[in-house]
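Reading the structure
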Amino acid sequence: MSIHPDVQAALDAARELRHRIADMRERIDEVRARRPSPSGTVIPEVDAMGRLTSLYLAPGTADRFSCDELVAEIMAAIRESTQDAARQYQVIMETVITDNAAEIAGEDDREPAGVGDPAR
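None of the values given here were measured: they were computed from a predicted structure.

Let's talk about the pattern of salt bridges
On inspection of all chains with the given rule, the structure shows 6 salt bridges. In this structure, the salt-bridge partner of Glu-45 is Arg-32, at a minimum N-O distance of 3.7 Å. Here Glu-45 is found in strand 2 (residues 42–47), whereas its partner Arg-32 is found in strand 1 (residues 32–33), with 13 residues between them in sequence. With a relative accessible area of 31%, Arg-32 lands in the partly exposed category. Connected through shared salt-bridge partners, Arg-32, Arg-34 and Glu-45 make up one network.

Next up, the structure:
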């Protein structure tokens, strides 16, 4: 039993889309941002979803700052890291959109099925 060419093309396109989505998810899962605090003594790690995955405090940091100052250092570093992770995520998404737009533009050059068909 053979598959109609249009059905095969749809199946191939779906398979390609699944691969692209998997690749994009891998790239997003690899995003990590580590931006230091203003003093450089606090370094958080944030993923593409803005989740704090790690937090480094240099030795003596807790003794060096008051509670409010330490909170400000940690929060500033997390904000910067979150913004950096968001930028990395945005670059990935823009790349995917640009790649897809280029591919679609290339496909638009083809004549749609049934157009110019003398049997129609």
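Moving on, there is more to tell.
Digging into a negative patch on the surface
Residues Asp-23, Glu-26, Asp-29 and Glu-30 make up a contiguous surface patch of negative charge. Turning to its location among the elements, Glu-26 is positioned in helix 1 (residues 5–29).

Brief notes about the pairing of strand 2
The buried count for strand 2 comes to 5 of 6 residues, which makes it a mostly enclosed element. Bridge count between strand 1 and strand 2: 2 bridges; the pairing is antiparallel. Looking at the pairing, Ala-33 lines up with Val-46 of strand 2. Relative to strand 3 (residues 52–57), strand 2 runs antiparallel, the two being bridged by 5 bridges. Opposite Val-42, over in strand 3, you have Leu-57 as the bridge partner. Taken together, strand 2 and the strand that follows it, strand 3, pair antiparallel across an intervening segment of 4 residues, in which Gly-50 is found at a positive phi of about 85°.

The rules we used
Residues numbered from 1 in each chain as written. Predicted model: local features only at pLDDT ≥ 70, side-chain atom pairs only at ≥ 80, totals over all residues. Heavy atoms only, no water. Salt bridge = Lys/Arg side-chain N within 4 Å of Asp/Glu carboxyl O. Helix = DSSP H or I, 4+ residues; strand = E, 2+ residues; numbered from the N terminus. Buried < 20%, exposed > 50% of the residue type's maximum accessible area, 1.4 Å probe, protein only. Patch = residues over 30% accessible without salt bridge, like charges linked within 9 Å, V, L, I, M, F, W, Y side chains within 5 Å. Areas by Shrake-Rupley, 256 points an atom, 1.4 Å probe, with all protein chains shown as cover. Lys, Arg positive; Asp, Glu negative; His and termini not counted. Charge placed at Lys NZ, Arg CZ, Asp CG, Glu CD. Pairing = 2+ DSSP bridges.

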